[in-house]
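# Coordinate inspection notes
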Amino acid sequence: MVDVILGLQWGDEGKGKIVDYFAPRYDIIARFQGGPNAGHTLYVQDKKIVLHQIPSGIFHQKTTNLIGNGVVLDPVTFKRECESVAAFGVDYRKNLLISQRAHLIVPTHRALDKASEVSKGNDKIGSTLKGIGPAYMDKTGRNGLRVGDLLDKNFTTQYIRLRLKHQRLLDGLNFHEDISEWEEEFFEALEFMRGFKIVNGEYFINEQIRQGKTVLAEGAQGSMLDVDFGTFPFVTSSNTISAGVCTGLGVPPQQIRDVIGVSKAYCTRVGSGPFPTELFDATGEDLRKTGSEFGATTGRPRRCGWIDLVALKFACMVNGVTKIVMTKADVLDAFEELKVCTAYKINGEQTSEVPFQMSKVPIEPLLESFQGWKSDITSLKNYDTLPVRMKEYVGFINNYLHVPISYISNGPGRDQLIENL
Ligand code: GDP
Ligand code: IMO
Ligand code: MG
């Protein structure tokens, strides 16, 4: 049996914290897509840690963590991350497995990412520049190197061949950067990776499921960044939605039980692209400040706005969401007035559907207004004790989406989660 936790907006919904909270209930936590573009923040022993590629179950001794075949893995970032979790006393080699089918991010992928963004000028995607797009291009273009190739004696030859190919592309883009330093680190990190349990992930996970073990699949990014269903071309290069679990781990769809969607009580986006409810005024600034909305991977300020129910309903539909976790509800504690987008107006027409080319049409969000609850909810433990106005806000969203908001997160801490089951 597999449950899934994934983001319903443009990423950074608080997935890391939620996976860490639920991890003790599962035997295996598995990442199924994305790579070091992800930044999942956890608080362990009151200390903050940001995970990029290691699944967020790593701090629970009894949990096995799997990096699935759908992930693109950067050995350099991975080594650094392992060192940072080791500082918490985690024996990462014991509980961390890597699928041999996961693709590798090589130094020239990062250079290509940068070159591609530079060549796009004002139309740039706002990529995290971690080499994600080029690595997935090499996967679908059938050129990439995989983790299992590390154990092949011809690995270096294969690597050089790929680098030459990339070099020609970089020359074509007139991009010249010395990558020799990156390469040195890369080869050191490859050696480090060879010491890991590199497994046949799909056999491993299916055998575990057969034995009755439970799996929690951890999504990265968010549904509106999905390469098929997101705000293309301002998206990432993987399927972030629940369908990505099947291809990214090798589990059949019948094994998926709950799809737990994580959404902020408002909305943020980092990087370029459409964001209909974005606020450019003092209220947006307030959200950014109160919510500490700065990227966990790049440190960039996140764009902030009201919750967008049109986009959220779309995300619930394509994912088959069964439960919602509303995070960062406490960030709204001091706001006088809250707004919720219930429809879009496009060229004079009202719609509650996400348009095909969100980036090409002018979207005016139609907003409903709510009174803020104006009280501190950070230490509350029970749904019943939440302020009435907050229950109205949650109830409205619940009714609109027809999916229960089963959990409300009221602070970044592990214990700040209110059940509403
Ligand atoms: P992820 O990428 O979805 O894991 O989310 P990030 O870690 O990038 O961003 C979420 C940020 O919000 C982190 O700094 C978390 O510590 C913080 N956070 C998570 N849940 C809550 C919450 O309920 N309230 C507050 N105030 N912060 C939260
Ligand atoms: P987590 O898992 C928020 C955004 C980038 C950019 C676009 C493409 O922490 O939620 P890429 O590096 O994939 O080429 O960037 O996607 N992006 C994210 N935004 N959270 C993330 O991950 C993101 N990963 C990528 O900002 O707009
Ligand atoms: Mg993040």
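Above this text is the structure in question.
This report concerns the structure included in the present document. Since this is a predicted model, take the numbers as computed values, not measurements.

Here we come to the site of ligand 2. Around ligand 2 there are 20 residues in total, and D12, K15, H40, T128 and T236 lie nearest to it. Note that an oxygen atom of ligand 2 is positioned 3.3 Å from one of the backbone N or O atoms of G126. Considered on its own, ligand 2 offers 550 Å² of accessible surface; in the complex 97% of this is hidden by protein. Tallied by class, residues from the shell around ligand 2 come to seven nonpolar, 10 polar and three charged.

Before going further, it helps to examine the packing of aromatic side chains. To describe a pair of aromatic rings, you give the distance between the ring centres and the angle between the ring planes. Under the definition given, this model contains 16 aromatic pairs. A ring pair is formed by F370 and F396, whose centres lie 5.0 Å apart and whose planes are at 65°; its orientation type is edge-to-face. Taken together, the positions of F370 in strand β18 (residues 363-371) and F396 in helix α12 (residues 388-401) put the pair 26 residues apart, joining distant regions of the chain. Classification of F370 by relative accessible area gives buried; the value is 13%. What makes F396 partly exposed here is its relative accessible area of 23%. Taken together, F78, Y92, F192 and F196 form an aromatic cluster joined through their ring pairs. Across the ring face of W182, the terminal group of R110 is positioned such that the distance to the ring centre comes to 4.6 Å. If you follow K313 out to its NZ or CZ, it ends over the ring of Y400, 5.1 Å from the centre.

The subject of this paragraph is a negative patch on the surface. Together, D178, E181, E184 and E188 make up a negatively charged patch on the protein surface. Looking at the element boundaries, E181 is found in helix α7 (residues 180-194). The exposure class of E181 is exposed, given its relative accessible area of 65%.

Attention shifts here to the pattern of salt bridges. One pass over the full model with this rule turns up 21 salt bridges. Its salt-bridge partner being K15, residue E13 comes within 2.8 Å of it at the nearest N-O pair. The salt bridge involving E202 is made with R101; its shortest N-O contact spans 2.7 Å. On the criterion of sequence distance, the pair formed by E202 in helix α8 (residues 201-210) and R101 in the loop between β7 (96-99) and β8 (103-104) is long-range, its members being 101 residues apart. Relative accessible area serves as the criterion here: at 16%, E202 is assigned to the buried category. Through salt bridges that share partners, D12, K264, E293, R302 and K328 make up one connected network.

Each value, and the rule that gives it
Residues numbered from 1 in each chain as written. Chains lettered and ligands numbered in written order. Predicted model: local features only at pLDDT ≥ 70, side-chain atom pairs only at ≥ 80, totals over all residues. Heavy atoms only, no water. Near = heavy atom within 4 Å. Polar contact = N/O pair within 3.5 Å; in protein donor to acceptor, adjacent residues only side chain to side chain. Areas by Shrake-Rupley, 256 points an atom, 1.4 Å probe, with all protein chains shown as cover. Nonpolar A, V, L, I, M, F, W, Y, C, P; charged D, E, K, R; others polar. Phe/Tyr/Trp six-rings, centres within 6.5 Å; stacked < 30°, edge-to-face > 60°. Helix = DSSP H or I, 4+ residues; strand = E, 2+ residues; numbered from the N terminus. Buried < 20%, exposed > 50% of the residue type's maximum accessible area, 1.4 Å probe, protein only. Lys NZ or Arg CZ within 6 Å of the ring centre and 35° of its normal. Patch = residues over 30% accessible without salt bridge, like charges linked within 9 Å, V, L, I, M, F, W, Y side chains within 5 Å. Salt bridge = Lys/Arg side-chain N within 4 Å of Asp/Glu carboxyl O. Lys, Arg positive; Asp, Glu negative; His and termini not counted. Charge placed at Lys NZ, Arg CZ, Asp CG, Glu CD.

Keep in mind these values describe shape, not function.
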